[in-house]
Each structure stands twice: as structure tokens, then as C-alpha cells.
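Single-letter residue listing:
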Amino acid sequence: MTGEVERLNVLLKNFENIGQKNIFRFWDELDEQKRSLFLDQLEQLEMDKLEKFQKLIKEKASQYEFGTLVPFDVIPLPQKKIEHQRYKNAIGIGEKLLRNGQVAILLVAGGQGSRLGFDGPKGTFPVGPVTGRTLFQCHVEKVIALEKRYGHIIPFYIMTSETNHRQTLDFFQEKKYFGKKPESFLFFNQGVNPALDKNHKLLLAQKWQISVAPDGHGGLLQAVLKNKIIQDMKQKGVEYIFYFQVDNPLCHICDPAFLGYHVIHQSEMSAKTVKKRDSEEKLGNIGTIDGKVVTIEYSELSPDEKTATREDGRLVFEQGSIAIHVFSRSFWERLFASGFELPYHVAEKSIPFIDENGKRVIPKDKNGYKFEQFIFDAFSYANKVMVLETKREKDFSPIKNKNGLDSPETARRDLSNLYASWLVKAGYNIPRKNSGDVAIHIEISPLYADNMNVLMNKQPKNLKINHNILIE
Ligand code: UTP
């Protein structure tokens, strides 16, 4: 008990000094267990971070002022014969890495998925157009197909967050890891940052808990460091890390061409891009400012920059980043040795809180700020960067929104379209809508075929072209 009083007094003083004493307003109502939880949480809070965040909000207006942004030179889709040859060469190099067991996969799955509004980890969202295969199952089965092809178990690291860690682990256990070796997975938790209200005050999520949120996909690097992931990778002989995000069921996981180009260009951090749908598509723009590689978010480009065109009419910023990366392990080791820190970004959000009367409020409007790091800010620390253009229809259809663009509906459509293109090559006629999209639902298990060549070799016979086609 005395210990508790002492701890409380220290914290009271510290929080009073920074004008945040109000968080203790329900202290007298709390039982012993809740008091203890509250003290634990507050002791873990990094006070200097809090001051940094308050400063960041004040400076927000000038945060993204930058010099002239020049688009980064992207390796385009191969067209000429020589480009096809180079591409093939890159595939050969990437395949060798996979055969040698030098590649690991890192999936970031710690986000809150607030736009989708799905109750549960986003990876458990059903996306298969026919069976409702979950995102996690899609990803893992593709990896199993790779393991069979290249004769190596691929280490699979999955970053979760406080809110979905337990549920994610339980889901994988319940599904028996979808048939991949359980010991080849490593689940680790990302950090959290406190949220602040419009007056720069901490918010209470409960009477005994301040409101915190995951620290962004850029929190990956601190989490990797904290959880000694590098040591694990080293021990497993991993030299390259293939990074992707949980909400993209189309991702060409461990694309050998991408891995190969990363090596050929001696890149430390690489990215994939697609041609934007139009100047308004909300993708990151990779460019350089004074020779430093940066990714500038859609919202940070000026209207002139968004719509600027080249002589041939193409947009200056015609390529958008699709958040698929390869990192060299040595790059991360260098970063960690240098004590780096990625910058923080401020986002205005609607954040539920406990009001002065102890009532929980779910605000309709944005009432505060969350603070996140973004993985693409690591570009500016890399000595060499490689950016490769890819085909959207083979690599990118994220589930971000409930409806409309980048939603479950578009992801299922794009999966059906992709599988249809394989079946057409195999000689089938697939009914189409006027839009050109397939008029039926198609799903092919990655365990049956994870690309067109595999499907062609298997030549599925006597398929009935019904409303639903499922090949497993
Ligand atoms: P998004 O930026 O789309 O965020 O994440 P989100 O949380 O999924 O969705 P919204 O913005 O709340 O609607 C892109 C990827 O980064 C991961 C997500 O899980 C997703 O794979 N991510 C995001 C994290 O792992 N941690 C974070 O703190 C944020």
C-alpha cells in the first residue's frame, strides 16, 4: 500500500508539472486492481514523448514544408526485349535467394482498420470471392506454395498491436496456422502512443486507463529492435525482408523479380509502385528532395504538383507507392546501431473518451490527435533505394473502406478478374460485364495454383462455368 502511495505521489507530481493532473480525477473511485493497472500504464509512458507530441501539434502547420520534390526514377514495366531480359535475370536472382532460404516475410497487421469498421483483426476479414477465405489464409497459403516451390521454410514475422494480438494468435491457433509450420511464425507486438485532445490533454479511455493507439506501421522498426527480431533472422540465415500489409490480398508475396532487382541495385530499401488511377488517387509519392529519398503522402502534394504533367501528357507524379517493400537486414542493423528515430506524424481523429462526469463518449467529430510513424520515412536513411513498377491487377487491391473504392467489393472483383485471366489462358471462356470485369465469382486456392504458369501446367479439366468457380 505504501508503495502504491509513493508511486502515486511521484506520478502526480510529474503529471502536474506538465499540466496533466486531471487524469487522476477518478482515482478515489478505483479499486486496488484498477489503481495498480493505472499506475503501471502511467509509469510506462515516456514523458519526453508527450512533450514532443504537444510541440508537434503546435508546429503542425509548418511540418511538411519542403523543398522541390523530384519524382524518383522508377524501373518501368518491361517492354523492350532488353528490358524483358533484365527482368528475367532479376527473377533468376530472386529465386536463388528463395532457394537458399535468405528471405523472410514481414506482415504488418497491427492497424485498427477504422475505415473498414470490421470487428476483429483485419487479417480475419473474409475476402475470398467464393469461400470467404480470410486475408490471413490467402497470405499464408501463398507462402506455403512458395515453400513447396523453393524447398525452404520461409520465416513469417507478423506484427500485431495491443488491441488485436491475442485475437490474432487465437485465430492462427484455431486454424492450425493454415498448414504452415507453427514454429516458422513469430508474432510480436508493436508499441503504442498516447492520444491527445484538442487542448493537448491526455484522454481517458477508462477511468483507470489513458487513451493510447498503435504507433503506426513505422513503429515496426522499434518493435523489431525491442523483440530482438534481427537476432532471430540472423540465426535463420535471413538476409532480405519482404514487407507487406495485411489488407492487400493481391500482393505478389516474395516476387522474385522484386527481390532480384533489390540485389542488382544494391538497394537497402526498395518499393513497388503502380500507375495511379488518376491524379487524386490516395497513394504515396516517392521522390527526392535535395537528393534525399522521401515518400510524400497524397494529402501533402499541392494541387499543382498532383496534376502537373510531362511533355507527353503523363502525370509528373504518375506512380504511387503500394506499400510493398524489400529491406536488407544489414540496413536495419545499421539503423539500429545509429540510434535513429523515424519522425512522428499527427492525425486528427475521433477518439472515444471518459468525460468529466465519468460517462463514455463516442464523438462524431474529430476531437483529438493520434501520433504515428510511417515505415516509408525509412527511405531517407537508406544509402541506396530501388523502385520497381508493377501491374496493379497482379499486385494491389487493398481493403481500406467499407464501400466504394478500395473496399471488400473491389478486392473480390479484382481477385476474380485475376483468376479469370489465368483461366482464359488455360482455354476457358469467362462471361464478362460491359465494364470488362468478370460477371461471376472465381476463387483459386494458392495451394492449387499461385500463379498462371502453375495453373496452365495443371490444366484443370471439365470446369463448369457457373456463377461460382472454385478450384481447390
Ligand atoms: P492503414 O494505414 O491502412 O491503417 O494500415 P489501418 O489501421 O489498417 O486502417 P485505418 O486507417 O484505421 O482505416 C496499412 C497497414 O499497416 C498496418 C495495418 O495493419 C495495415 O496492414 N498498421 C497500421 C500497423 O501494423 N500498425 C499501425 O499502427 C498502423
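Use the structure listed above.
Here goes a summary of the coordinates provided. (Residues numbered from 1 in each chain as written. Predicted model: local features only at pLDDT ≥ 70, side-chain atom pairs only at ≥ 80, totals over all residues. Heavy atoms only, no water.)

**Some words on the overall build of the protein chain**
Here is the rule we go by: Counting from the N terminus, the helices are the DSSP runs of H or I reaching at least four residues and the strands are the DSSP runs of E reaching at least two. The atom set for the radius of gyration is the C-alpha atoms, and the globule formula is 2.2 Å times the number of residues raised to the power 0.38. The buried label applies to any residue whose accessible area, calculated with a 1.4 Å probe on protein chains only, is under 20% of its type's maximum; exposed applies above 50%, and partly exposed to all values in between. Contacts: residue pairs with any heavy atoms within 4.5 Å of one another. Here, Shrake-Rupley sampling with a 1.4 Å probe gives the accessible areas, and only protein chains in the shown set may cover a residue. Within this scheme the basic residues Lys and Arg register as positive and the acidic residues Asp and Glu register as negative, but His and the chain ends are omitted. Note that the charge is assigned to NZ on lysines, CZ on arginines, CG on aspartates and CD on glutamates.
Scanning the protein chain from N- to C-terminus turns up 14 helices and 21 strands. Taking 472 residues into account, the globule formula puts the C-alpha radius of gyration at 23 Å, and the protein chain, at 24 Å, falls close to it. Principal-axis analysis of the C-alpha atoms places the extent of the protein chain at approximately 75 × 50 × 50 Å. Per-residue burial over the protein chain gives 52% buried out of 472 residues. Put simply, 75% of the contacts in the protein chain that link residues at least 6 apart link residues at least 24 apart. Of the roughly 23000 Å² that the protein chain leaves accessible, carbon and sulfur atoms contribute 48%. Taken as two groups, the 66 positive and 60 negative side-chain charges of the protein chain have centres that lie 6 Å from each other.

**Quick word on the pairing of strand 11 (residues 269-275)**
Threshold: Any two strands with at least two DSSP bridges between them are considered paired.
Among the 7 residues in strand 11, 6 count as buried, and that is most of the element. By the bridge criterion, 6 bridges tie strand 11 to strand 14 (residues 319-328) in an arrangement that is antiparallel. Within strand 14, the position partnered with Ser270 by the bridge is Val326. Examined bridge by bridge, strand 11 and strand 19 (residues 385-389) share 5 bridges and lie parallel to one another.

**Here's the deal with the pattern of salt bridges**
How we decide: Here a salt bridge means any side-chain nitrogen of Lys or Arg lying within 4 Å of a carboxyl oxygen belonging to Asp or Glu.
Under the criterion given, the structure shown has 31 salt bridges. As a salt-bridge pair, Asp170 and Arg166 come within 3.0 Å of each other at their nearest N and O atoms. Placement of the pair is Asp170 and Arg166 together in helix 6 (residues 165-174), with a separation of 4 residues, close to one helical turn. With a relative accessible area of 36%, Asp170 lands in the partly exposed category. Close ionic contact of Lys275 with Glu389 constitutes a salt bridge, the shortest N to O distance being 2.8 Å. Residue Lys275 is located in strand 11, and its partner Glu389 is located in strand 19; the two are separated by 114 residues in the primary sequence. One continuous salt-bridge network, built from bridges that share partners, spans Arg133, Glu141, Glu443 and Glu472.

**Quick word on the sheet that holds strand 2 (residues 103-108)**
We count it as follows: For helices, the fitted axis covers only the stretch in contact; all axes are lines through C-alpha atoms, and the angles between them, taken along N-to-C directions, range from 0 to 180 degrees.
If you walk across this open sheet you meet the 7 strands as 4-3-2-10-14-11-19, and the pairing is mixed. The open sheet is flanked by strand 4 (185-189) and strand 19, the only strands paired with a single partner. Direction aside, neighbouring strands of the sheet carry axes that sit 25° apart on average. Where helix 7 (residues 219-226) meets the sheet, its contacts fall on strand 2, strand 3 (156-160), strand 4 and strand 10 (240-245), and the angle it forms with strand 4 comes to roughly 110°. Sitting on the sheet, helix 9 (residues 256-264) is in contact with strand 2, strand 10, strand 11, strand 14 and strand 19, with an inclination near 70° to strand 14.

**Regarding the site of the ligand**
Note the following rule: Throughout, the term near means that a residue has one or more heavy atoms lying within 4 Å of the molecule or strand in question. Within 3.5 Å is the distance limit for a polar contact, defined as a pair of N or O atoms, with the added protein rule that one can donate a hydrogen and the other accept it, and that residues adjacent in sequence qualify only through two side-chain atoms.
Neighbouring residues of the ligand: 18 residues in total, closest Val108, Gly110, Ser114, Gln190 and Lys400. Take Gln112: an N or O atom from its main chain is 2.8 Å from an oxygen atom of the ligand. Arg115 is positioned such that a nitrogen or oxygen atom in its backbone is 2.8 Å from an oxygen atom of the ligand. About the coverage of the ligand: the protein hides 89% of its 560 Å² of free accessible area.

**A few points about the pairing of strand 14**
In terms of burial, strand 14 is a largely internal element, 10 of the 10 residues being buried. Where strand 10 meets strand 14, 4 bridges bridge the pair, whose relative direction is antiparallel. Residue Phe242 lies in a different strand from strand 14, and its bridge partner there is Val326.

**What to know about helix 6**
Selection rule: In this context, the arc is that of the directions from the helix axis out to the C-beta atoms.
Taken together, the buried positions of helix 6 are occupied by His165, Thr168, Leu169, Phe171 and Phe172. Taken down its axis, helix 6 places every buried residue within 160° of arc, on the same side. Relative to its buried face, helix 6 has exposed residues pointing more than 90 degrees away, namely Arg166 and Glu174. On its buried side, helix 6 packs onto helix 5 (135-150), strand 3 and strand 4. Looking one or two places after helix 6, you find Lys176, whose phi comes out positive at around 55°.

**Quick word on the sheet that holds strand 15 (residues 345-349)**
Read from one edge to the other, the open sheet built from 3 strands follows the order 6-18-15, with strand pairing classed as antiparallel. With one partner strand each, in any of the chains shown, strand 6 (196-197) and strand 15 form the two edges of the open sheet. Pairing between strand 6 and strand 18 (residues 368-372): 2 bridges, direction antiparallel. In the sheet register, Asp197 faces strand 18, and the bridge partner there is Gly368.

**Quick notes on the environment of Lys49**
Residue position: Lys49 is located in helix 3 (residues 47-59). Exposure remark for Lys49: the relative accessible area of 13% places this residue in the buried category. For the pair Lys49 and Pro194, spaced 145 residues apart in the sequence, the C-alpha separation amounts to 9.0 Å.

**Side note on helix 7**
When helix 7 is considered as a whole, its buried residues turn out to be Gly219, Leu220, Leu221, Ala223 and Val224. On its buried face, helix 7 is in contact with strand 2, strand 3, strand 4, helix 8 (229-235), strand 10 and helix 11 (329-337). Among the residues trailing helix 7, Lys228 stands out with phi positive, at a value near 55°.

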